[in-house]
Amino acid sequence: MARDRSKIPFNLVEYVTQLVDRFDRRKKPMAIQIKTAAEIEKMRISGIALRKVHNAVKAVVKPGATTMDMERAAQAVVDELGCKAAFKGYHGYPAVLCTSVNHEVIHGIPSEKGVLKEGDIVSVDCGVVVDGYFSDAAVTYPVGNVSPAVAKLLKVTEASLYAAIDKAVVGGRLFDIGNAVQTMCEKEGYGVVREFVGHGIGRNMHEDPQVPNYGQAGKGPRLKAGMVLAIEPMINAGTHEVKVLEDGWTAVTTDGSMSAHFEHTVAITKDGPVILTL
Ligand code: MF3
Ligand code: CO
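Just so we're clear, the structure is a prediction, and the values are computed from it rather than from any experiment.

Chemist: Is there a simple way to explain the pairing of strand E9 (residues 228-231) in this structure?
Modeler: A regular strand carries its side chains on alternate faces of the sheet. The two faces of E9 match: Val228 and Ala230 on one face and Leu229 and Ile231 on the other face are all buried. Sheet topology note: the strand E7 (residues 198-200)/E9 ladder contains 2 bridges and is antiparallel. Counted as the bridge partner of His199 is Ala230 from E9. Where E9 meets strand E14 (residues 264-269), 4 bridges bridge the pair, whose relative direction is antiparallel. What sits directly across from Ile231, in E14, is His264.

What follows is the structure, encoded as structure tokens:
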């Protein structure tokens, strides 16, 4: 029996867009760009500028400070260095920093109402552009003294970033990186966030490939010299599940558990991984 087409819900624009996307992807399954040594040097300069921003923000983090105080400190350094804030204006994002407090995972928006108190944690994510090249890095800070359990979450998450960076070597596989994060963090009973992932980076903030924080070792595209990746474990003390708040940005853990985020921009070279955002 022929289908009654009038009863099929059908959005032509969406359908054609999906077809074109699928076709594009088939033509170039994954275009992981290879950077020259000169480009990587430019990204290192971008990374040095970014670290200056992070250092200024770090100095502001204490009980009583607001996440908007952190934003102002970041903006001042961006202005002083004459670089461009990568996040501001990106899909309408309103700030230089993402400041995510406690159970906020990523993309928290700085606010005068965001007063930090003893025992909190705050994840600071920032990206800058220098001479057309992006860098991206994140750190989670304790505010004053935090509980031993929270201190451990930060320590393990940061350690998982470094374990992942160790896998960013020529001849390795992309999912070795996420596997290192997942293995280390799940052993502690933590939840590895699935919905957000790391990414290639260069002349754009987000390039191929996606860099998940989970996966099977020995799988995925082969890693080559000249690839540059933003590796960024987002780790929850409880469930891995997250949801985005009504502001359209702030991602939080669904169980209210604390969440940590550490990120570096890393170049894969014949001499091993090079962290560009130290
Ligand atoms: N740091 C984020 C990432 O790595 C980007 C922030 S999204 C923005 O993907 F909109 F806030 F810029
Ligand atoms: Co990133």
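Chemist: Looking at this model, I keep getting lost on the environment of Met227. Mind explaining?
Modeler: Assignment of secondary structure puts Met227 in the loop between strand E8 (207-211) and E9. Residue Met227 is classed as buried on the basis of its 25 C-beta neighbours within 10 Å. Note: C-alpha distance between Met227 and Ile40 (187 residues apart in sequence) is 9.3 Å. Apart from the residues lying within four places of it in its own chain, the contact partners of Met227 are Ile32, Ile34, Gly200 and Ile268.

Chemist: I'm lost on the site of ligand 1 in this one. Help?
Modeler: Close contacts around ligand 1 come from Phe87, Tyr90, His91, Tyr93, Cys98, His107, Asp125, Gly127, Asp136, Ala230 and Glu232, and that covers them all. For the shell around ligand 1, the residue count by class is 5 nonpolar, 3 polar and 3 charged.

Chemist: Explanation requested: the environment of Lys224 in the structure shown.
Modeler: Locating Lys224 in the fold gives a position in the loop between E8 and E9. Between the C-alpha atoms of Lys224 and Val170, which are 54 residues apart in sequence, the distance is 4.9 Å. Setting aside residues up to four positions removed in sequence, Lys224 forms contacts with Ile34, Val170 and Ile268.

Chemist: So what exactly am I meant to see when it comes to the packing of helix H4 (residues 148-165) against helix H5 (residues 174-186) here?
Modeler: Pairs of packed helices are described in terms of their axes, by the angle between the two and the distance that separates them. Direction vectors running N to C along H4 and H5 enclose 150 degrees, while the axes themselves pass 8 Å from each other. Taken together, H4 and H5 sit at an angle that is classed as roughly antiparallel. Crossing geometry of H4 relative to H5 is assigned as right-handed. Packed against H4, whose contacting residues are Val156, Thr157, Ala159, Ser160, Ala163 and Ala164, the element H5 presents Ile177, Ala180, Val181, Met184 and Cys185 at the interface. Residues belonging to the contact of H4 with H5 are distributed by class as follows: 9 nonpolar, 2 polar and no charged.

Conventions we followed
- Residues numbered from 1 in each chain as written.
- Chains lettered and ligands numbered in written order.
- Predicted model: local features only at pLDDT ≥ 70, side-chain atom pairs only at ≥ 80, totals over all residues.
- Buried ≥ 20, exposed ≤ 12 C-beta atoms within 10 Å, placed from the backbone.
- Helix = DSSP H or I, 4+ residues; strand = E, 2+ residues; numbered from the N terminus.
- Pairing = 2+ DSSP bridges.
- Contact = placed C-beta atoms within 7 Å.
- Near = placed C-beta within 6 Å.
- Nonpolar A, V, L, I, M, F, W, Y, C, P; charged D, E, K, R; others polar.
- Axes fitted to C-alpha atoms, helices over the stretch in contact; angles between N-to-C directions.
- Parallel < 35°, antiparallel > 145°, perpendicular 65-115°, else oblique.
- Left-handed = near helix turned anticlockwise from the far one by under 90°.

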